[in-house]
Structures are given as structure tokens and as C-alpha cells.
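Analysis of the macromolecular model
Letter by letter, the chains look like this.
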Amino acid sequence: MNTIEELLQKRKLPELLRFANGESVTRENWETRRKELVDILCREVYGYAPPAPAHVVVTETKRKDKDYAGKGTVRNLTLSFPTDKGEFSFPVVEVVPTDAGNCPVFVHVNFRPDVPDRYLPIEEILDAGCGVIRIYYNDIAFDGEDGFTGGLAAMYDRKKYTWGKIRMWAFAASRVMDYLQTVDYADKNRIAVVGHSRLGKTALVTAATDPRFAMACANDSGCTGDALSRDKVGESVKAINGKFPYWFCDTYRQYGDREHEMPFDQHFLVAAIAPRRVALGSAVEDTWADPDSQYLSACAASAAWELLGEKGFVHPDRLPVPGDCFDAGSVAFHLREGTHFFSRTDWHRYLCLI
Ligand code: GTR
């Protein structure tokens, strides 16, 4: 049986702790390297976003106190901000524990607008003493091929900003973070971004590009999320670009079947969140995402935390088995039974980590 080190060596990953110019990375210049990692990933994969707007205006359209058996306040809000082509607005739903003061908050980018939703168990979140703000991703940019003509995509010139839709969804999560800076109820040091699958990829990109997030929870994020692309099984760089080219910048397409030529791999994305916290969820039947490649990515990214004198990914010297749950360090990973979906089991992991 191979050790983790041997398995990682076989993948021939680009070096995490070496600058593009060949210089080695130290504890003192980690933040410079971290920014370089984000820049590489924007240039090659997710595209560049416009700068943050000068302000975000928030209006309440509906409010319900003492909802969920008295446990929460639900508010429908509209967030508006200036763009290159006028004002852009999107709705969110905020659910906060009744009389909350200094509570952790999850910014959840979800597939459906419903609150609650099968991926958004409001009562469990409230019972854990947390608030949540739900973004519905199609309100930001349509998850389909529309030539970047609608939503946020239409508000900027894509020749200038090369972003794909994942980067756009992440940009919206940062605008929610702008709003959260202004509220009294939130603990500003415990704001997490959470999402499943393509929106798990989005959660990682959000936290990598916005250091105000204390944690990213990426559930079953797989290909071009947490999973290493080199020698990955299931979904490949070629497959994801063939089916979802609009998630990324155009540059990414060139790497189909050429993963070993990429000047990055997905451990760069996980590491770009260090020294903050990352929680990765995987499911044993989710072979399209490839749990082993997700796990090995966490193993490789851990070096960033260790460089900073932190515990990174604390794990045994073997590949994961169902039921594994490792969270002794800043990188947490679990492998549960079952298929690709956002289970309560996954939520319970993330709720105890914030
Ligand atoms: C799949 C895609 C995956 C993952 C998933 C999802 O079709 O290939 O990368 O993002 O969709 O978002 O549910």
C-alpha cells in the first residue's frame, strides 16, 4: 500500500511553497504567495472580476419575527450596487436567531430560491445558534449558456473582466459580506461561505478571493473545486469545460487532457484560504467528484498552514474510508456514505466547525 506521500508524488503537483519566479515561500511572505495563487487561479480558471463596488444599499421588502417556532427572524432583503452599466440588484433571504447578538453566519449560495429548502435546513441552523443568508445563484447569473447577456454578466464588459459564472456567484457572496460588515447581530470573525457541488466550487473561490470569510464549506465540490485534477477519476478538465464552459474563463479550456501542463492544481485553491478554515465534504458514491482526489488535495494544501505554524490537515497515513471525519486542524474533511447531495449530515459537520 502506498503512503500518502507516495500517492502525492505520483500526481506530480506544481509546488505550493515556491513562487512562480522560483523563490521559496516563507512564513513572512506567505500572504504574497497567497495573492499569487489567487492571481494564477483567476488568470487560468475562474477569470478576473471587477473591483468591489464603493457601496451596497440594502432594503427590506418583508419581515417575519418569531418564525420557526419563535426561534428566528426572517427578512427578505434587496442588495443594490453600482456597476459599469448601471445599478445591479439581487434579493437575498436572511434568517437570524431571535435576539441574536454576535452569532456566526453562513452565506449560503443555493440552487433554489426556497427557504427552507432540502439543502437549507433552517431549523438545524437556528438550533446551532447560527444565522444564514441565502443567495439564489440564478438571481446573479443564469446557470446556462446565455452568451453572458443576462444578470451580473451583462453589467460589465467581458473583454475587460474575464470572469466565468462561478466567479460571478462568488462576487455576489462578497456583496453579502459587505452588508454583514454593517449589522450588529453577526460575529464578524465567524462568517462562513457554504455551497454544494458547483456552488461548493463557488464557496472555495469566494473565500480565496475574500479574506473576510473565516471559513469555506465546500460540499462535494469535486472537479475544479477541491479535487486534484492530475490523474483524477470521474469528471475531468475536458469534461467540465465541454459541458459547462461558462463557469470559467476561456483560458481554462486549453487544459483539457493536458492537466499535467497546468501551472497549478486545485490544492492551490484550498491553500489560498490559509490560514483561515476550510471544510471539505465528500460522499463515497460520488465517484464523479472523486473522494480520493479531494482528500489528496487537502493533504497537499496542508503545507500552507504548517508553514504558518498551524495544524493544517490532520489525517492518518491512508486514503479515506466511509465515516472518516478529520477536523483536528484548520482543514477539515469528511467522507460520508451515499450519493452526491447536500445532506443534513454534511450540514451538521459544518455547523460544529464555525
Ligand atoms: C455536475 C458537474 C459537477 C458538479 C455538479 C453539480 O454535472 O459535472 O462538476 O458541479 O454538476 O453542481 O451538481
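Residues numbered from 1 in each chain as written. Predicted model: local features only at pLDDT ≥ 70, side-chain atom pairs only at ≥ 80, totals over all residues. Heavy atoms only, no water.

**Some details on the overall build of the protein**
In plain terms, the rule: Put simply, DSSP marks the helices as runs of H or I at least four residues long and the strands as runs of E at least two long, and each gets a number from the N terminus on. The size measure is the radius of gyration over C-alpha atoms, and the globule rule it meets is 2.2 Å times the number of residues to the 0.38 power. Three labels apply to residues, based on accessible area from a 1.4 Å probe with only protein chains included: buried if under 20% of the type maximum, exposed if over 50%, partly exposed otherwise in between. Contacts are assigned to residue pairs with any non-hydrogen atoms lying within 4.5 Å of each other. Residue-level accessible areas treat just the shown protein chains as cover; the underlying method is Shrake-Rupley with a 1.4 Å probe. His is not counted, nor are the chain ends, whereas Lys and Arg count as positive and Asp and Glu as negative. The atom standing in for a charge is NZ when the residue is Lys, CZ when it is Arg, CG when it is Asp and CD when it is Glu.
When helices and strands are tallied, the protein shows 10 helices and 10 strands. A globule of 354 residues ought to have a C-alpha radius of gyration of about 20 Å, and the protein, at 19 Å, matches this closely. Along the three orthogonal principal directions, the C-alpha set of the protein runs to about 55 × 45 × 40 Å. Relative to its 354 residues, the protein shows a buried fraction of 59%. Intrachain contacts of the protein at a sequence separation of at least 6 include 68% that bridge at least 24 residues. For the protein, the exposed surface amounts to about 13700 Å²; the carbon and sulfur share of it is 49%. Across the protein, 43 positive and 50 negative side-chain charges occur, with their mean positions spaced 2 Å apart.

**Regarding the nonpolar core**
What counts is decided by this rule: What we call a nonpolar core is a set of buried Ala, Val, Leu, Ile, Met, Phe, Trp, Tyr and Cys residues that are connected through their side-chain atoms within 4.5 Å.
Among the nonpolar cores identified, the biggest contains 124 residues, and Phe90, Phe106, Leu180 and Tyr185 are the most heavily contacted of them. With 11 residues, helix α5 (residues 165-180) is the largest single contributor of residues to this core. In this structure phenylalanine 106 touches Cys130, Gly131, Val132, Ile133, Ala192, Val194, Met215, Cys217, Trp347, Tyr350, Leu351 and Ile354, once residues within four positions along its chain are discounted.

**Some remarks on the pattern of salt bridges**
Filter applied, for reference: For this document, the term salt bridge refers to a Lys or Arg side-chain nitrogen within 4 Å of an Asp or Glu carboxyl oxygen.
Enumeration over the complete set of coordinates arrives at 29 salt bridges. As a salt-bridge pair, arginine 175 and aspartate 178 come within 2.6 Å of each other at their nearest N and O atoms. Residue arginine 175 and its partner aspartate 178 are both found in helix α5; the two are separated by 3 residues, about one turn of the helix. Two residues, arginine 336 and aspartate 220, come together in a salt bridge whose shortest N-O distance is 3.7 Å. Taken together, the positions of arginine 336 in strand β10 (residues 331-336) and aspartate 220 in the loop between β7 (215-219) and α7 (237-243) put the pair 116 residues apart, joining distant regions of the chain. Residues joined in a network through salt bridges with shared partners are Glu60, Arg63, Asp65, Arg75 and Glu94.

**As for the packing of helix α1 (residues 4-11) against helix α9 (residues 291-307)**
The line we're drawing: Working convention: axes come from line fits to C-alpha atoms, limited for helices to the stretch in contact. Angles between N-to-C directions cover 0 to 180 degrees. Geometric relationships in this document are graded by angle, where less than 35 degrees denotes roughly parallel, more than 145 denotes roughly antiparallel, 65 to 115 denotes roughly perpendicular, and other angles denote oblique. In the scheme used here, Gly and all other residues not listed as nonpolar or charged are polar, with Ala, Val, Leu, Ile, Met, Phe, Trp, Tyr, Cys and Pro taken as nonpolar and Asp, Glu, Lys and Arg as charged.
For the pair α1 and α9, interaxial distance at closest approach is 11 Å and the crossing angle is 100°. Classified by the angle their axes make, α1 and α9 are roughly perpendicular. Contacts between α1 and α9 involve Ile4, Leu7, Leu8 and Arg11 from the first element and Ser293, Tyr295, Leu296, Cys299 and Ala300 from the second. Across the contact of α1 with α9, the residue classes break down as 7 nonpolar, 1 polar and 1 charged.

**Here's the deal with the pairing of β7**
Every other side chain in a regular strand lies on the same face of the sheet, so the side chains alternate between the two faces. Let me state the cut-off plainly: Two strands pair under a simple rule: DSSP has to find at least two bridges between them. A clockwise path from the first strand over the helix to the second, with the strands pointing away from the viewer, defines a right-handed crossover.
Most of β7 sits inside the fold, with 5 of its 5 residues counted as buried. Alignment of strand β6 (residues 186-196) against β7, held across 5 bridges, turns out to be parallel. The residue bridging valine 193 from the neighbouring strand is alanine 216, located in β7. For the crossover that starts at β6, traverses helix α6 (residues 198-209) and ends in the parallel β7, the hand is right-handed.

**What to know about the packing of aromatic side chains**
What counts is decided by this rule: Aromatic pairing here means that ring centres of Phe, Tyr or Trp (its six-membered ring) are within 6.5 Å. Orientation follows from the plane angle: under 30 degrees is stacked, over 60 is edge-to-face, and everything else is tilted. Both a distance and an angle decide whether a charge sits over a ring: NZ of Lys or CZ of Arg must be within 6 Å of the ring centre and within 35 degrees of the ring normal.
Inspection of every chain in the model, using the stated rule, returns 27 aromatic pairs. Between tyrosine 156 and phenylalanine 171, the ring centres sit 6.5 Å apart and the planes meet at 75°, which makes this aromatic pair edge-to-face. With tyrosine 156 in the loop between β5 (131-136) and α5 and phenylalanine 171 in helix α5, the pair connects residues that are 15 residues apart, well separated along the chain. Note on tyrosine 156: relative accessible area 5%, which makes it buried. Among the aromatic residues, those joined into a ring-pair cluster are Phe106, Phe111, Tyr119, Tyr136, Tyr137, Trp169, Phe342, Trp347 and Tyr350. The ring of tyrosine 119 has arginine 118 sitting right over it, with the charged end atom 5.5 Å from the ring centre. Positioned above the aromatic ring of phenylalanine 171, the side-chain terminus of arginine 175 is 4.5 Å from the ring centre.

**Regarding the side chain of serine 282**
Topologically, serine 282 is positioned in strand β8 (residues 277-283). Residue serine 282 is classed as buried on the basis of its relative accessible area of 0%. Once residues lying within four places of it in the same chain are set aside, the contact partners of serine 282 are Asp220, Pro291, Gln294, Phe333, His334, Leu335 and Arg336.

**Some details on the packing of α5 against α6**
When two helices pack together, their arrangement is given by the angle between the helix axes and the distance between those axes. We count it as follows: Take the far helix as your reference; a near helix turned counterclockwise from it by less than a right angle gives a left-handed crossing, and one turned clockwise gives a right-handed crossing.
In the contact formed by α5 and α6, the axes pass within 8 Å of each other and the chain directions differ by 60°. Overall, the two elements α5 and α6 adopt an arrangement that is oblique. Note on packing geometry: the crossing formed by α5 with α6 is right-handed. Listed contacts from α6 to Ile166, Arg167, Trp169, Ala170, Ala173 and Ser174 of α5 are Arg198, Leu199, Lys201, Thr202, Val205, Thr206 and Thr209. When grouped by side-chain class, the residues that make up the contact of α5 with α6 number 6 nonpolar, 4 polar and 3 charged.

**So, the site of the ligand**
How we decide: Only heavy atoms are used to decide nearness, and a residue is near a molecule or strand if one of them lies within 4 Å of it. Within 3.5 Å is the distance limit for a polar contact, defined as a pair of N or O atoms, with the added protein rule that one can donate a hydrogen and the other accept it, and that residues adjacent in sequence qualify only through two side-chain atoms.
Neighbouring the ligand are the residues Phe111, Ser197, Arg198, Lys201, Glu235, Ile240, Phe244, Trp247, Trp288 and His340. Interatomic distance of 2.8 Å between a side-chain N/O atom of lysine 201 and an oxygen atom of the ligand. A distance of 2.4 Å separates an oxygen atom of the ligand from a polar atom in the side chain of glutamate 235. Taking 320 Å² as the accessible area of the ligand by itself, protein coverage stands at 84%. Within the shell around the ligand, the residues separate by chemical class into 5 nonpolar, 2 polar and 3 charged.

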